[in-house]
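Tertiary structure, described
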Amino acid sequence: MQRKEPESIGDVLRLTLQESSLAGRMDEVKASLMWAEMVGPGIAARTSRPQISCGIMVVYVDSAPLRHELTMNRSRIIELINARMGKEVVRQIRFK
């Protein structure tokens, strides 16, 4: 195997992630880490860090009134997260 021009480690990792389809999963992890920033520290303290799989975010909430309030604002939260990510990462949020 002959060597080509040198490449930066960042470029090699980025290419590897894209080829192995891990980029989508990395985006889901980034979006779940944004939860506290999107909803604020008060709500984040009363919810669990969300888990995202196949575009569906699941968040556990410790009170029914808060769950109802979040359900009423779910489309706005999805818009905020996807706008921040620059692409559609979250398609649906489920509150439990």
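Refer to the preceding data block for the structure.
These lines cover the structure that appears in this document, whether it is placed above or below. (Residues numbered from 1 in each chain as written. Predicted model: local features only at pLDDT ≥ 70, side-chain atom pairs only at ≥ 80, totals over all residues. Heavy atoms only, no water.)

This model, assessed by the stated rule, comprises five salt bridges. Note that E79 and R76 form a salt bridge whose closest N and O atoms lie 3.3 Å from each other. Here E79 pairs with R76, and both are found in helix α6 (residues 74-85), just three residues apart, close to one helical turn. According to the relative accessible area criterion, E79 is partly exposed, its value standing at 46%. Given a relative accessible area of 46%, R76 falls into the partly exposed group. (Salt bridge = Lys/Arg side-chain N within 4 Å of Asp/Glu carboxyl O. Helix = DSSP H or I, 4+ residues; strand = E, 2+ residues; numbered from the N terminus. Buried < 20%, exposed > 50% of the residue type's maximum accessible area, 1.4 Å probe, protein only.)

Right, let's talk about unusual backbone geometry for a bit. The phi dihedral of C54 falls on the positive side, at around 55 degrees, and the residue is not glycine. Inspection of the secondary structure assignment puts C54 in the loop between β1 (51-53) and β2 (56-59).

It is worth spelling out the nonpolar core at this point. A general feature of soluble globular proteins is that nonpolar side chains tend to end up buried together. With 20 residues, the main nonpolar core has M57, I81, V90 and I93 as its most contacted residues. Counting only elements with at least two residues in this core, the list comes to α3 (35-39), β2, α5 (64-72), α6 and β3 (92-95). Here this core takes four residues from α6, the largest share from any one element. Those residues in contact with V90 that sit more than four places away from it in its chain are A31, I52, G55, M57, I78, I81 and N82. (Core = buried A, V, L, I, M, F, W, Y, C linked by side-chain atoms within 4.5 Å. Contact = heavy atoms within 4.5 Å.)

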